[in-house]
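Residue-level structure breakdown
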Amino acid sequence: MSRTGTAETNYLNAQHGLKSWLLTLDHKRIGLLYLMGVSFFFLLGGIFALLIRLELLTPQGDLVQPDTYNRLFSMHGIMMVFFFLIPAIPGVLGNFLIPIMIGTRDVAFPRLNLASWYIFMAGGSITLLGVLAGGVDTGWTFYPPYSSLYSATNVLTVGIGVFVNGFSSILTGLNFMVTIHRMRAPGMTWFRLPLFVWGHYATSFINVLGTPVIAITLLLLVLERAFHLGIFDATKGGDPVLFQHLFWFYSHPAVYIMILPSMAVISELIAAFTRKRVFGYHFVAFSSIGIAVLGFLVWGHHMFVSGQSVYAGTAFSLLTMLVAIPSAIKVFNWSFTLYQGSVSFDTPMLYALGFIGLFMIGGLTGVFLGTLGFDIHVHDTYFVVAHFHYVMVGGTIMGYLGGLHYWWPKITGRTYPEFWGRMSAMLVFVGFNLTFFPQFLLGYMGMPRRYHAYPEEWQVLNVLSTAGASVLGLGFLLPLGYLLWSLKYGKLAGKNPWGAKGLEWTTDSPPPTENFRDAPVVSEEAYDYAGAGHGDGGAPAPARAH
Amino acid sequence: MSGHHVVPVRVYLAVFAALMVFTAITVAAAFVDLGALNNVVMLAIAVAKATLVVMFFMHVRYSTRLIPVVVFGGVFFLLVMFGITMSDYVSRGFLGAGSAWPRPWAP
Amino acid sequence: MSHGHSSALAHHFDSLEQQREASTLGMWLFLVQEVMFFGGLFMTYMLYRWRDPEAFAAGSHDLNITLGLLNTVVLIASSLTMAMAVHSAQTSRRRPLIGYLTATGVLGLAFLVVKYFEYSAKWEHHLVPGPLFHFSEPAIGGRAEVFFSLYFAMTGMHALHMVIGIALLAWILRGAVRGRFDASYYNPVENFGLYWHFVDIVWIFLFPMLYLIGRHYHGGA
């Protein structure tokens, strides 16, 4: 019989007061601290998106000045990439779940974990100061010489804010890697780990190896702007394209930092809602590592028209084709898992299924863009914008929302209203496609990105896109409402409301501070739905929340 | 990682002596015109010195397998950054495709 | 003399062994990210030196090879004393531990003092990049500014890591004086040693790359 948990001491009620939160060493509380932080930056980034789409309702640039528009898309990109997409899933779900999933009490370095959150908030605050002072107009890519010599905006402040934030990623990645290597419970071998853990391990690998490069690059840019050093200044013997090489050496792997955790969530959702072991577990696990490694070899596909050598371009194009393979392997394996599975269409599964379709479109258009000849025509058009929103929103955000809903009962001890969950998932899916599919067409026809005005004949598609954005926005806001509502009025969740496999479902909802009342010893494989192991106390059929 | 292995003091002293010798060689070699080999010698000596420090002072010689893998991983991706970036600049203008990167730079 | 294991063992670890392995792995991963961090600077150096080797050689000749060599010897010696410090901790010899840690710190400070004199000389000779930069050799002129930008960026970043290292060393030394480290618990000393050796390795590359370029061109200076 599962316990409701609220009468017991759990990590939420074990200690009270602001200090117990701000000085917590509990990875679960730190996950919730990240939830507050990333939600704030997501909303801010969303407001910038709203203003962008409003401007683009009409062909003329009439809502804001051109300079203002430049700041809007720059700050939208910076907020979303650095302060939401990169930290969200690892910071919120990774922090909360990894120790529990591997059967231990906390991460390897709890104080470092708290420090990572403070560094994230410090970087975000510095960047926010930059926003309040007017932001930057350089694009999130900060290319010199504009950013170093000509832009009259707050490049120093925002650059420093992003620089500081990078250390949060590095330290979190380091923490996760050591935790996974050294703190697995007895019997929890590498190939019994949930795929969620494999995905975050691969993400951490990229965080540790890649982030320092953008750190030094931004630092050099800041020094150049502040002290006129001339590292990227062509008039002093520098080369602006070197900046691009160094910038994209990180920023391409960064997109895998954004997608791998989401894929990690999807593996869990697919298994839980088909009540089956993920097909090809080993392939999915190794494909995460493959994406992480290959992802470091393809950065030049962002530089096809920068003056880069055509030979390097060809090599990068070929390597880009290769990096698509492990992603495709995942999609195949998830699809095969669905076959003859006992599929249920709860909210998290709706997000997971949506992910598979939207990620496929995003990923395939990525292959188009990796084709050198094609990219020449669509570089810096809305085709690129549509591609990356398909993978980042259709991919990452769907996984984030799916995971948030799936683990909400575990994190809070409450279930959310399933009707509203499904409604929001539908709104997100419909709104998203209406927003971004027209952008593929616009880009193919030649509409450049980062322009606030466009020819008359493209207005219809732009209006559709803006209409879609309002539906998408509603789809994002609704969960804010009903998830908060559920904290007080949601039905109490038991240990395992979904009837799923995994160590997290064997402990209370919400879990006690030390995660498990008795330290687990693992004897069954991951996703052992069909097997003989009866490790958890899960109900045979998932309990429906309403 | 390094277990409780205590490295004998004489090993440390031998490594220190080797590092001093290498330093002397690298300084001396800089004053001799070896053409293209100057760079190779300089790099080889620096790598040899670094390897000695990593293996003995940092105990990688005595550690479990994970640590050398970690070290190798870091160095590998560093070389990826160097190699692929340089291959762009070096190959500009090959076979008449595009123009070579101007060298040396003139203000 | 050893302390009770419970005082050194953090509650989320099952054993001192696990804690030691975790913290060592953590330090190595941190060093890997440091390698990538400095790597960006080395990449920049490599590209610009390939582009204009003459300017880099000319710039290099303006560096004081004696001071550079002195600093190299000082840092390598400090790595030796640091390794000896770890050895002392491993063999529970508190006084040598304190002595070697102190020696390491003194050598580190000596390095920074020499750097201060070098930087002051650069400032006086108008070799700091920016509006006051002026390179005397007419054939090279402004072409040397990139070399000096990299000189300051790379040695400056290295010096910053030395400063941080000395601050951390002071903290470890404090622990050593209080008798916190012995054969059963010396991991913080060892991990700090890893950081210190890494900073030494960066200098092992910086010295020839910055000070020893093309010394045969002008027969040394």
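Residues numbered from 1 in each chain as written. Chains lettered and ligands numbered in written order. Predicted model: local features only at pLDDT ≥ 70, side-chain atom pairs only at ≥ 80, totals over all residues. Heavy atoms only, no water.

Re the overall build of chain A
Helix and strand content of chain A: 16 helices and 0 strands. The C-alpha atoms of chain A give a radius of gyration of 23 Å, which matches the 24 Å a tight globule of 546 residues would have. The 546 residues of chain A split such that 63% are buried. For chain A, the proportion of contacts with a sequence separation of at least 24, taken over those separated by at least 6, is 83%. For chain A, the computed accessible surface area is about 18,900 Å², with 70% contributed by carbon and sulfur atoms. For chain A, the centre of its 28 positive side-chain charges and the centre of its 25 negative side-chain charges are spaced 10 Å apart. (Helix = DSSP H or I, 4+ residues; strand = E, 2+ residues; numbered from the N terminus. Rg over C-alpha atoms; globule rule 2.2 N^0.38 Å. Buried < 20%, exposed > 50% of the residue type's maximum accessible area, 1.4 Å probe, protein only. Contact = heavy atoms within 4.5 Å. Areas by Shrake-Rupley, 256 points an atom, 1.4 Å probe, with all protein chains shown as cover. Lys, Arg positive; Asp, Glu negative; His and termini not counted. Charge placed at Lys NZ, Arg CZ, Asp CG, Glu CD.)

What about the overall build of chain B?
Within chain B one finds 3 helices and 0 strands. Going from the N terminus to the C terminus, chain B shows its helices and strands as α-α-α. Computed over its C-alpha atoms, the radius of gyration of chain B comes to 20 Å, more than 25% above the 13 Å expected for a compact globule of 107 residues. When the backbone C-alpha atoms are referred to their principal axes, chain B occupies close to 60 × 35 × 25 Å. Put simply, chain B has 107 residues, and 42% of those count as buried. Counting only contacts in chain B whose residues sit at least 6 apart along the sequence, the fraction spanning at least 24 positions is 57%. Of the accessible surface of chain B, which amounts to about 5,300 Å², a share of 75% is contributed by carbon and sulfur atoms.

Side note on the packing of helix α5 (residues 94-124) of chain C against helix α6 (residues 145-177) of chain C
The relative placement of two packed helices is expressed as an angle between their axes plus a distance between the axes. Residue and element names in this part refer to chain C. Where α5 meets α6, the axes come as close as 10 Å, and the angle between the chain directions of the two elements is 155°. Classified by the interaxial angle, the pair formed by α5 and α6 is roughly antiparallel. For the element pair α5 and α6, the recorded crossing hand is left-handed. Residues of the contact of α5 with α6, tallied by class, amount to 19 nonpolar, 7 polar and 4 charged. (Axes fitted to C-alpha atoms, helices over the stretch in contact; angles between N-to-C directions. Parallel < 35°, antiparallel > 145°, perpendicular 65-115°, else oblique. Left-handed = near helix turned anticlockwise from the far one by under 90°. Nonpolar A, V, L, I, M, F, W, Y, C, P; charged D, E, K, R; others polar.)

Re the interface of chain C and chain A
A common way to state how big an interface is: give the accessible area lost once the parts meet. In this complex, chain C contributes 31 residues to the contact, which on the side of chain A involves 36 residues. When chain C packs against chain A, close to 2,800 Å² is buried across both sides, 72% of that on carbon and sulfur atoms. Three residues stand out in chain C for area buried against chain A, namely His12(C), Met36(C) and Phe37(C), and they jointly supply 21% of the buried area on that side. Viewed at the interface, chain A and chain C are joined by 3 salt bridges. Linking chain C with chain A are 10 residue pairs in polar contact (both at pLDDT 80 or more), by the criterion used here. Secondary-structure elements contributing two or more residues to the side of chain C that touches chain A are α2 (16-51) and α6 of chain C. If one sorts the elements of the side of chain C that touches chain A by residue count, α2(C) sits on top with 19 residues. Tallied by class, the residues present in the side of chain C that touches chain A amount to 17 nonpolar, 10 polar and 4 charged. (Buried area = accessible area lost by both parts, 1.4 Å probe. Salt bridge = Lys/Arg side-chain N within 4 Å of Asp/Glu carboxyl O. Polar contact = N/O pair within 3.5 Å; in protein donor to acceptor, adjacent residues only side chain to side chain.)

Side note on the interface of chain C and chain B
Counting residues at the interface gives 56 residues for chain C, matched by 53 residues for chain B. Summed over both sides, the interface between chain C and chain B buries roughly 4,800 Å², with carbon and sulfur atoms accounting for 78% of that surface. The largest contributions to the chain C side of the interface with chain B come from Trp28(C), Trp50(C) and Arg51(C), which together make up 16% of the buried area. Joining chain C to chain B, the criterion identifies 0 salt bridges. Scanning the region where chain C abuts chain B turns up 6 residue pairs in polar contact (both at pLDDT 80 or more). For the side of chain C that touches chain B, the elements supplying multiple residues, two or more each, are α2, α4 (65-90) and α7 (187-211) of chain C.

Thoughts on the pattern of salt bridges
Residues and elements named next belong to chain A. This model, assessed by the stated rule, comprises 14 salt bridges over all chains. Between Arg517 and Asp508 there is a salt bridge, with the nearest N and O atoms lying 3.0 Å from each other. Classification of Arg517 by relative accessible area gives partly exposed; the value is 37%. Ionic contacts of the salt-bridge type, sharing partners, join the residues Asp346, Glu418 and Arg422 into one network.

Description of the domain arrangement of chain B
Residues and elements named next belong to chain B. With domains assigned, chain B is organised as domain 1 (1-63) and domain 2 (64-94). Between the C-alpha centres of domain 1 and domain 2 the distance comes to 21 Å. On the domain 2 side, the residues contacting the 4 residues of domain 1 number 4 residues. In total, about 410 Å² of surface goes out of reach between domain 1 and domain 2, with carbon and sulfur atoms giving 74% of it. Across the contact surface, domain 1 and domain 2 share 0 salt bridges. Counting every contact that joins domain 1 to domain 2 gives 0 residue pairs in polar contact (both at pLDDT 80 or more). Among the residues making up the side of domain 1 that touches domain 2, the classes are represented as 3 nonpolar, 1 polar and no charged. (Domains from an automatic or database assignment.)

Some thoughts on the packing of aromatic side chains
Residue and element names in this part refer to chain A. Here the structure, examined in full by the defined rule, presents 78 aromatic pairs over all chains. Look at Phe243 and Phe247: their rings are 5.8 Å apart centre to centre, the planes differ by 20°, and that puts the pair in the stacked class. Linking Phe243 with Phe247, this pair stays in helix α9 (residues 240-274), spanning 4 residues, or about one helical turn. Here Phe243 falls in the buried class, since its relative accessible area comes to 0%. (Phe/Tyr/Trp six-rings, centres within 6.5 Å; stacked < 30°, edge-to-face > 60°.)

Looking at the nonpolar core
Across soluble globular proteins, nonpolar side chains show a tendency to be buried alongside one another. Core analysis: the largest hydrophobic core is formed by 281 residues, its most contacted members being Ile78(A), Phe82(A), Tyr400(A) and Trp407(A). Per element, the largest residue contribution to this core is 23 residues, and it comes from α9(A). Looking at which domains feed residues into this core, each of domain 1 (1-63) and domain 2 (64-94) of chain B supplies at least three. Residues within four places of Phe82(A) in sequence aside, it is in contact with Gly77(A), Pro87(A), Trp140(A), Val162(A), Asn165(A), Ile214(A) and Tyr250(A). (Core = buried A, V, L, I, M, F, W, Y, C linked by side-chain atoms within 4.5 Å.)

Side note on the side chain of Glu34(C)
Residue and element names in this part refer to chain C. In this fold, Glu34 is placed in helix α2. Summary of buried charges: Glu34 has no salt-bridge partner, and the nearest side chain of opposite charge, Lys115, is 18 Å away. Side-chain polar atoms of Glu34 contact the side chain of His161, separated by 3.0 Å. Apart from residues no more than four positions distant in its own chain, Glu34 is found in contact with His161, Tyr195 and Phe198.

Topic: the packing of α9(A) against helix α12 (residues 347-370) of chain A
Residues and elements named next belong to chain A. Where α9 meets α12, the axes come as close as 9 Å, and the angle between the chain directions of the two elements is 125°. Considering the angle they form, α9 stands oblique to α12. At the point where α9 passes α12, the crossing takes the left-handed sense. Of the residues in α12, those in contact with Ile259, Ser262, Met263, Ile266, Leu269, Ile270, Phe273 and Thr274 of α9 are Pro348, Met349, Ala352, Phe355, Ile356 and Phe359. For the contact of α9 with α12, the class distribution of residues is 12 nonpolar, 2 polar and no charged.

Structural notes on the confidence of the model for chain B
Mean pLDDT over chain B works out to 92, with 96% of the residues at or above the 70 mark. The complex model carries a pTM of 0.95, and its ipTM stands at 0.95. (pLDDT = per-residue confidence, 0-100.)

Quick look at α5(C)
Residue and element names in this part refer to chain C. Look at α5: 45 Å from first C-alpha to last across 31 residues, which is about the 45 Å you get at 1.5 Å a residue. Where α5 is concerned, the buried positions are Leu97, Ile98, Leu101, Thr104, Gly105, Gly108, Phe111, Leu112, Val114, Lys115, Glu118 and Lys122. In the core, the buried residues of α5 are packed alongside α4, α6 and α7. Immediately downstream of α5, the backbone of His126 shows phi near 60°, a positive value. (Expected span 1.5 Å × (residues − 1).)

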